[in-house]
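Commentary on secondary and tertiary structure
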Amino acid sequence: MDGLLFSDLTVWSMDWTLLILLVVPTVVHGNPTVTVRTGSGPPVGSNQHPNSVPLSEDTQTTTEVREVVVEEVMMTGMLNPSHYPARRAATVVQHYLNTRYGSPYRWIFLSKVHSGSAEDVAEMRKYQLELTMQEIISNVSGQCSAELLFPGGEGQSAPQVQASCEGLLQSNTTAQEEAFYQQHRASNNMVSGNDIPDSYGHMEPNMKPFWHLGGVASSFIMLRESNESTLYNMAQVANFTQLETEKDQLRVNYHVLLHEMISQEIIHWKLLVTWSPEQGVQVLQTELQPKCHNCEAPPNTTN
Amino acid sequence: MMMLGLGSVGLVLLSLAVQSGHGAQDSAVWSREETTERNYYTRYHNMSEITAWMEQMKRENPDVVSSMVYGQTYERRNITLLKIGLSSTVRKKAIWMDCGIHAREWIAPAFCQYFVREILRTYKTDTKVNEMMKNLDFYITPVLNVDGYIYSWHNESTRLWRKSRSPGTGGCTCYGTDLNRNFYANWGMVGVSTDCCSETYCGTKALSESEAWAVTDMLGKMREDILAFLTIHSYSQLILVPYGHPNISAPNYDELMEVGLGAAMAIKAVHGMDYTVGTSPDILYPFLGSSQDFARLIGIPLSFTFELRDKGEHGFELPEDQIQPTCEEAYAGAQHIITYTHDKAFYSYAATVTATLWTTLLAAWVSSAILL
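Residues numbered from 1 in each chain as written. Chains lettered and ligands numbered in written order. Predicted model: local features only at pLDDT ≥ 70, side-chain atom pairs only at ≥ 80, totals over all residues. Heavy atoms only, no water.

**With respect to the sheet that holds strand 12 (residues 280-289) of chain A**
All names here are of chain A.
- In space, the five strands of this open sheet follow the order 8-9-10-11-12, with antiparallel pairing throughout. In this open sheet, the two strands that pair with only one neighbour each are strand 8 (192-196) and strand 12. With strand direction ignored, the average angle separating the axes of adjacent strands in the sheet is 15°.
- Sheet topology places strand 10 (residues 249-260) next to strand 11 (residues 265-276); 11 bridges connect them, and they run antiparallel. Counted as the bridge partner of Tyr-254 is Leu-271 from strand 11.
- Across the sheet, helix 4 (residues 208-225) touches strand 8, strand 9 (232-246), strand 10, strand 11 and strand 12, and the angle it forms with strand 9 is around 115°. (Pairing = 2+ DSSP bridges. Helix = DSSP H or I, 4+ residues; strand = E, 2+ residues; numbered from the N terminus. Axes fitted to C-alpha atoms, helices over the stretch in contact; angles between N-to-C directions. Contact = heavy atoms within 4.5 Å.)

Here's what the structure looks like:
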């Protein structure tokens, strides 16, 4: 009886596979393969903003070229706000807003996409979006209008973003930021931490601002690395170590884990970050950490 | 005499068809006696704890809970499900739910545990849950990827493991295959990687992984009885419907979307969280070889993937204080789907039987009137 069911199943599946194999070549359009580089390209530079990354000083130990076979049709015209093209672009805007306005007490996340459109402009892809963003520490939301340009061609350069928001930055973070800054600027008590959040999603309250700062600093990398086939979040601060304050800036070395949703990869980066209430967040150095292929063997103890 | 009997059966069936909505809604307020129990369901549990918990569920509810080992992992561990339902002399229809196909998605096994506890807690007093336990059996696998889950508990550096734990082949030193790319559902065509070090590595061939094979085998055997298939993941707050291929639609796409959107509304009503509904190629990314697609392909009409909280703030490492609200909303979503599935199967059936009975009655009356 079981044998009969299995062969039924096989025939079923094979019928479907045959049908799909016949149908697919005739209906699939778009770019059949997308090469996703997880190396780093030229950093986003803009010295007018409080937060910035300098135009040089970007070292990487390896560049990984990974072939991801993705059938993607590039959407043009009005976008469905709940479909992925609008969402991915909106997340890029989120990263941009954090590079501009983020701090140990200000961390912005996408709340909702209301509308969007995309078009081809010369070699590039231009998006326009209406969004709600939320600052998650104060829970204040604001409406944003944004425009993005994803560069075309093979050169990996960062997307360009412009955004204006209403009401998003209402929360008064001055007192908290000042207190945090004063608490940590003296050199006699360097802070460090690891696994934030831990496996259970937990972190000590005094680690939270460092978690936020790590997230904001990661946004510089996530912004730079984003394209229409990526969706980044920071998965965890693996560890951070505070260094001596220099030029009135708090300095912290971070090792962060980024989660890229489409490939599902966890990507390790090291960053050198500075911050002060006046200067905002700056990322001085970024370094991609290679994925350890020999680290995956089973541990000796089993549970 | 026979007519009277038929008539009363017809009336009973008619009243079943008319009965609307759920039974008494249980309040979310916990009683004092359940405090320690409540603490259990607000924490993550390792594999030995979950195994012990399964034994406890059987012990405490022997007339409705049994377990079944239906496969082995690569490292030769049992893959176990709990079968939950009121016992019956006739063959019953089934609902399938599995959690933890991806190791790092810890909120998923937590939800399966919550779901089991919730139906066991309410089936005696909630008339709707009772009815569903009577008519259906729930087949629930709290942790499908047992090896991966155990590995993700090993230490902080293994916490974000996703795949199975089978070793790479052909000189590749990495481990693991993405179980949700390994099913015989247009395997290997889209949204996968052929690099064994990749997180979406689809394996050397379809069903190369014993975990995927175990599910395939069970679903194949039960194919005619399973009404709905639910597979639980995190994160992103989505409800996915088949298929993962951008150009192929499920024959009942409209129904799937309608039920999915209903589930999302039920979820939102609990704590205000937004879950987006759609096919994966529409709302996430295209990919093939998934368990959800396989279930739909072999004829299980209602096949859904839940991606639970959050939207990237904590990602896979969802804080324990969010376990309860996440499970509450996901339960509401799952119940919406299960209730729809149940009512479609049993009320439509009842309506058909009623109609047949009344037609028979009418025919008998007419023929007896003619004969007289």
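**A look at the interface of chain B and chain A**
- On the chain A side, the residues contacting the 61 residues of chain B number 57 residues.
- Carbon and sulfur atoms make up 55% of the area that chain B and chain A hide from each other, which totals about 5,300 Å².
- Counting across the interface, chain B meets chain A through zero salt bridges.
- In this structure, the connection of chain B to chain A is made through 17 residue pairs in polar contact (both at pLDDT 80 or more).
- Every element with two or more residues in the side of chain B that touches chain A is listed here: helix 6 (146-152), helix 7 (210-222), helix 9 (280-283) and helix 10 (291-297) of chain B.
- Residues belonging to the side of chain B that touches chain A are distributed by class as follows: 30 nonpolar, 15 polar and 16 charged. (Buried area = accessible area lost by both parts, 1.4 Å probe. Salt bridge = Lys/Arg side-chain N within 4 Å of Asp/Glu carboxyl O. Polar contact = N/O pair within 3.5 Å; in protein donor to acceptor, adjacent residues only side chain to side chain. Nonpolar A, V, L, I, M, F, W, Y, C, P; charged D, E, K, R; others polar.)

**Remarks on the environment of Arg-162 of chain B**
- Along the chain, Arg-162 of chain B falls in the loop between helix 6 and helix 7.
- Along the sequence, Arg-162 of chain B and Phe-229 of chain B sit 67 residues apart, while their C-alpha atoms lie 21 Å from each other.
- In contact with Arg-162 of chain B, not counting residues within four places along its chain, are Gln-264 of chain A together with Ile-101, His-102, Ala-103, Arg-104, Glu-105, Asn-145, Asp-178, Arg-181, Glu-199 and Thr-200 of chain B.
- Polar contacts involving the side chain of Arg-162 of chain B include one to the side chain of Gln-264 of chain A, which spans 3.5 Å.
- A polar contact is formed between the side chain of Arg-162 of chain B and the backbone oxygen of Glu-199 of chain B, at a distance of 3.2 Å.

**A word on the packing of aromatic side chains**
- The full count for this structure, using the stated rule, is 25 aromatic pairs over all chains.
- Between the aromatic rings of Tyr-114 of chain B and Tyr-331 of chain B, the centroid separation amounts to 6.1 Å while the plane-to-plane angle is 75°, which identifies the pairing as edge-to-face. Within this pair, whereas Tyr-114 of chain B is found in helix 4 (residues 107-122), its partner Tyr-331 of chain B is found in helix 11 (residues 323-371), the two being separated by 217 residues in sequence.
- Taking relative accessible area as the criterion, Tyr-114 of chain B reaches 5% and is therefore assigned buried.
- Overall, the relative accessible area of 12% leaves Tyr-331 of chain B in the buried class.
- Aromatic side chains Phe-115 of chain B and Tyr-331 of chain B sit 5.5 Å apart centroid to centroid with 55° between the ring planes, which places their arrangement in the tilted category. Of this pair, Phe-115 of chain B sits in helix 4 while Tyr-331 of chain B sits in helix 11, placing them 216 residues apart in sequence. Summarising the burial analysis for this pair, Phe-115 of chain B and Tyr-331 of chain B share the class buried.
- What links up through ring pairs into an aromatic cluster is the set Tyr-105, Phe-180, Tyr-181, Phe-210, Phe-240, Tyr-254 and Trp-275 of chain A. (Phe/Tyr/Trp six-rings, centres within 6.5 Å; stacked < 30°, edge-to-face > 60°. Buried < 20%, exposed > 50% of the residue type's maximum accessible area, 1.4 Å probe, protein only.)

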